[in-house]
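# Residue-level structural notes
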Amino acid sequence: MTGVSFACTEVRADPYAAGPTLVFRLRVTASEGERVHAVALRCQLRIEPARRSYSTAEGEGLADLFGERSRWATSMNPVQFAQVSLMVPSFTGETDIDMPVPCTYDMDVASTRYLDALEAGDASLLLLFSGTVFSGPAGFQVAPVGWDREARVRMPAKVWRDMMEQHFPGCGWVRLPSDVMDTLLAYRSRRALPSMEAAVRELVEGNAR
């Protein structure tokens, strides 16, 4: 029965996507060069933060995720990044396919906070695969993707930063509950301020005095 293995050869940003989207280039290989009719593939992506070192500034940016640096040996656990599904079309032997992964700049999401804190170097990502393989020279044989199928890839921090700068130039996003947003809008209206940015600046600068 045909089995498949996976490798990730590249991570890049999609410059034409409507929102921030990373593209993972996957190489799918069938055992013994057999024919695969299709693979209904699922992929869970995790960040492995313990697989790299961090500058002082990066460490400060990661404190809310992992605590003080002295605790990292026990607190720096893998961070969930995304889960996506993909249909791999028919191939024999080996094929390369793009796997798009939509991303968020919501700073309440742990993976976003982690990637935003990186100034240089790479982020280590682990890709865990599952799904169903449809194969056979005649008719269909159906088998699960092996539970141990995985691949690692290092994504340059610059890929993430450039992608976010393309979609949100010079900006960041903060998610607020609706009641807090209503209060902020009311404050802006009372003060006749031209924008939400001006309202937040006035509040922050007032409290800083």
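Source: prediction; values computed, not measured. Every chain is numbered independently, its residues counted from 1 as its sequence is written. Owing to the predicted nature of the model, reporting of local features is limited to residues with pLDDT of at least 70; listing and counting of side-chain atom pairs is limited to 80 or more, with chain, interface and lining totals taken over all residues. Excluding hydrogens and water, the side-chain values take into account all heavy atoms of the structure.

With that out of the way, let us pick up the packing of aromatic side chains. Pairing of aromatic rings covers Phe, Tyr and Trp, the last through its six-membered ring, and needs centres within 6.5 Å; plane angles under 30 degrees mean stacked, over 60 mean edge-to-face, and all others mean tilted. Counted by the stated rule, this structure contains six aromatic pairs. Between Y54 and W72, the ring centres sit 5.6 Å apart and the planes meet at 85°, which makes this aromatic pair edge-to-face. Within this pair, whereas Y54 is found in the loop between β3 (35-47) and α1 (56-61), its partner W72 is found in helix α3 (residues 72-75), the two being separated by 18 residues in sequence. The class of W72 is buried, set by a relative accessible area of 10%. Judged by centre distance (6.4 Å) and plane angle (65°), the ring pair of F81 and W160 falls under edge-to-face. The helix count covers DSSP runs of H or I at least four residues long, the strand count covers runs of E at least two residues long, and both are numbered beginning at the N terminus. For every residue, the accessible area obtained with a 1.4 Å probe (protein chains only) is divided by the maximum for its type, and the residue is called buried under 20%, exposed over 50%, and partly exposed between those limits.

Soluble globular proteins tend to pack their nonpolar side chains together in the buried interior. By size, the foremost hydrophobic cluster in this structure holds 51 residues, and its most contacted members are L22, F24, L45, F81, M99 and L127. We call two residues in contact whenever any of their non-hydrogen atoms come within 4.5 Å of each other. Discounting residues that sit within four places of it in the chain, M99 has contacts with L22, V23, F24, L26, C43, L45, V84, L86 and L127. In these notes, a set of buried Ala, Val, Leu, Ile, Met, Phe, Trp, Tyr and Cys residues joined through side-chain atoms within 4.5 Å is what counts as a nonpolar core.

Right, let's talk about the sheet that holds strand β1 (residues 4-13) for a bit. Paired through backbone hydrogen bonds, the strands of a sheet run either parallel or antiparallel to each other. If you trace the three strands from one edge of the open sheet to the other, you get β1-β2-β6, paired in antiparallel fashion. Every interior strand has two partners, whereas the edge strands, β1 and β6 (94-102), have only one. Averaged over all neighbouring strand pairs, the angle between strand axes comes to 25°, with direction disregarded. Paired strands are those between which DSSP finds at least two bridges. Alignment of β1 against strand β2 (residues 21-30), held across nine bridges, turns out to be antiparallel. Looking at β2, one finds that E10 is bridged to R25. The convention used is that axes are lines fitted to C-alpha atoms, helices contributing only their stretch in contact, and that angles between N-to-C directions extend from 0 to 180 degrees.

So, on to the environment of R35. Residue position: R35 is located in strand β3. By relative accessible area, which is 40% here, R35 ends up partly exposed. Along the sequence, R35 and Q80 sit 45 residues apart, while their C-alpha atoms lie 33 Å from each other.

One full turn of an α-helix is made of 3.6 residues, so residues set three or four places apart face in the same direction. For helix α6 (residues 178-191), spanning 14 residues, the distance from its first C-alpha to its last is 20 Å, which sits close to the expected 20 Å at 1.5 Å a residue. Once α6 ends, the next one or two residues include A192, with phi positive near 55°. What a helix should span is 1.5 Å times the count of its residues minus one.

Buried residues of helix α5 (residues 157-167): A157, V159, W160, M163, M164 and H167, and no others. Angular distribution of buried residues about the axis of α5 spans 165°; they occupy a single face of the element. As for α5, its buried residues are in contact with β1, β2, β4 (79-88), α4 (110-117), β7 (122-135) and β9 (150-156). Throughout, the arc means that of the directions going from the helix axis to the C-beta atoms.

What is shown is where atoms sit, not what they do.
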